[in-house]
Amino acid sequence: MTRQQPLRVGIMGFGQIGRQLYELASQSEDVEVVAIADIGQPEILHYLLCSEVKEPVRHTLEGNFLVNPRFRARLMRTDTPAEMPWDIFAVDMVIDATGKFRQRRFMEEHLGNGAPRVLLRTLPADHIDRIVMPGINAQAARREDRMVSAGSATTTALCLLLHALSRDFAIDCGSMTTIHSYTSDQVLQDYAGSDFRRSRSAAENIIPNTHEAADWLGQVLPAFTDKIITSALNVPIHVGCLLDVNLVLADSAVTAEDINAAMRRHAPAYPGMVDVVEDPIVSSDVIGNPHSLLFDARGTIKAGANTIKTLGWYESLGHAGRLLDVARIYGALDQQGEVAQ
């Protein structure tokens, strides 16, 4: 069913993901960003947006409004969910793109200020209504859900890989390491932070890090509950991540080429989300790629009788696209509910 009115979205946090969300929405026909909450000065936020997009002339600053050919978004200088009056903007959904306000209490503050629904761009820190990933468990979404997560870029890439391969192969267990670009919460020079390793310079070091995907994987793919361990290495690049996954298969007869053939066969079932690359690419080659998983056919290796190593690439743009996909899923549910009443 086609939505009659564009989905009205508010964004909290105008960092990299927030700007990508805004740009993708401006290129769409069914999503409007009506308000943006960020502590930054409007002139600087506009400057950062224009420094990244392909057509900066499409975006102008008119007072406290970011304007493009499709919509106007009010810029609000607020620092926390409790400060943002979403009710005055009649939003259908708020996407919290800060990566900071992952606790349920912050999501409740969004709701208390007039947001009908809140979507996290990260994994949650505690219990929420639903984790939704397009192409995997979109059918689990319910109209009554109010606090939702779309996972993370890494979690989505991992889940898509496991979902695709489990169509053909029984997977006993596995491990995932994401070789991840440094993030905005890391320091550029050595500086005392939240833990020892994260106190070291992101620009100069490969930094071992934890990753929470394993803790939440079972909510998206119940068959993989407690079967996959996950970790991260933050490396000194700005954009582009590599998913390194080792899987122990039940059938020792499966070859590396069997895995590649399965990914080539199943990728079309995840349009715009999964693709297979045959070329010898590196991290900079995935910048601007909108897929959540770019499976690297050259990286598949078999080790021993049952272990298969795979590589996949992604960057944050794909995750921004999936966030808007989740917003659309709930927008369609809301519309169906209105029609039924």
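Please refer to the structure placed before this passage.
Attention in this report is confined to the structure presented alongside it. (Residues numbered from 1 in each chain as written. Predicted model: local features only at pLDDT ≥ 70, side-chain atom pairs only at ≥ 80, totals over all residues. Heavy atoms only, no water.)

Ranked by internal contacts, the top residues of the largest apolar core, which has 42 residues, are Leu158, Leu162, Leu165 and Met263. Taken together, the elements giving at least two residues each to this core come down to helix H4 (153–165), strand E10 (171–181), helix H5 (213–220), strand E13 (241–249), helix H6 (256–266), strand E14 (274–277), strand E15 (293–303) and strand E16 (307–314). Ignoring any residue separated from it by four or fewer positions in sequence, one finds Leu158 in contact with Met176, Ala213, Leu217, Ile228, Thr230, Leu243 and Val245. Core analysis: the next-biggest nonpolar cluster, separate from the first, contains 34 residues, Leu45, Ile95, Ala150 and Leu323 among them. (Core = buried A, V, L, I, M, F, W, Y, C linked by side-chain atoms within 4.5 Å. Buried < 20%, exposed > 50% of the residue type's maximum accessible area, 1.4 Å probe, protein only. Helix = DSSP H or I, 4+ residues; strand = E, 2+ residues; numbered from the N terminus. Contact = heavy atoms within 4.5 Å.)

So, on to helix H3 (residues 104–112). Among the residues of H3, those classed as buried are Phe106, Met107 and His110. The buried residues of H3 occupy one face: seen down the axis, they fall within an arc of 100 degrees. In H3, the exposed positions that point more than 90 degrees away from the buried face belong to Arg105 and Gly112. The inward-facing, buried residues of H3 abut strand E1 (7–12), strand E6 (93–96), strand E7 (118–120) and strand E9 (147–149). Immediately beyond the C-terminal end of H3, within one or two residues, lies Gly114, with a positive phi of roughly 110 degrees. (Arc of directions from axis to C-beta.)

The mixed open sheet is built from 9 strands, whose spatial order is E3-E4-E5-E2-E1-E6-E7-E9-E8. Because the sheet does not close on itself, it has two edges, and the strands there are strand E3 (60–62) and strand E8 (130–131). Where E6 and E7 come together, 3 bridges link them in parallel fashion. Counted as the bridge partner of Val94 is Val118 from E7. Where helix H1 (residues 16–27) meets the sheet, its contacts fall on E1, strand E2 (31–37), strand E4 (65–67), strand E5 (72–76) and E6, and the angle it forms with E2 comes to roughly 150 degrees. (Pairing = 2+ DSSP bridges. Axes fitted to C-alpha atoms, helices over the stretch in contact; angles between N-to-C directions.)

Here we come to the pattern of salt bridges. Under the definition given, this model contains 17 salt bridges. Asp168 serves as the salt-bridge partner of Arg265, at 2.4 Å between the closest nitrogen and oxygen. Of this pair, Arg265 sits in helix H6 while Asp168 is found in the loop between H4 and E10, placing the two residues 97 residues apart along the sequence. By relative accessible area, which is 49% here, Arg265 ends up partly exposed. Among the residues examined, Asp168 registers a relative accessible area of 36% and is labelled partly exposed. As a salt-bridge pair, Arg322 and Asp325 come within 2.9 Å of each other at their nearest N and O atoms. Of this pair, Arg322 and Asp325 both sit in helix H7 (residues 316–340), 3 residues apart, which is roughly one turn of the helix. The buried category is assigned to Arg322, whose relative accessible area is 8%. Given a relative accessible area of 21%, Asp325 falls into the partly exposed group. One continuous salt-bridge network, built from bridges that share partners, spans Asp30, Arg322, Asp325 and Arg328. (Salt bridge = Lys/Arg side-chain N within 4 Å of Asp/Glu carboxyl O.)

If you walk through the whole model with that rule in mind, you get 3 aromatic pairs. Ring centres of Phe14 and Tyr22 lie 5.9 Å apart, and the angle between their planes is 85 degrees; this geometry places the pair in the edge-to-face category. Judged by its relative accessible area of 2%, Phe14 falls in the buried class. Each ring, one from Tyr22 and one from Phe71, has its centre 5.5 Å from the other, and the planes form 85 degrees; the classification is edge-to-face. (Phe/Tyr/Trp six-rings, centres within 6.5 Å; stacked < 30°, edge-to-face > 60°.)

What follows concerns the environment of Ala82. As for its position among the elements, Ala82 is in the loop between E5 and E6. Apart from residues lying up to four places away in sequence, Ala82 is in contact with Glu109 and Asn113.

As a packed pair, H4 and H5 sit with axes 11 Å apart at the nearest point and diverge in direction by 50 degrees. Classified by the angle between their axes, H4 and H5 sit oblique to one another. Seen along the crossing, H4 lies across H5 with a hand that is right-handed. Every residue of H5 that contacts H4 at Thr155, Leu158, Cys159 and Leu162 is listed here: Ala213, Leu217 and Val220. A breakdown of the residues in the contact of H4 with H5 according to their chemical character gives 6 nonpolar, 1 polar and no charged. (Parallel < 35°, antiparallel > 145°, perpendicular 65-115°, else oblique. Left-handed = near helix turned anticlockwise from the far one by under 90°. Nonpolar A, V, L, I, M, F, W, Y, C, P; charged D, E, K, R; others polar.)

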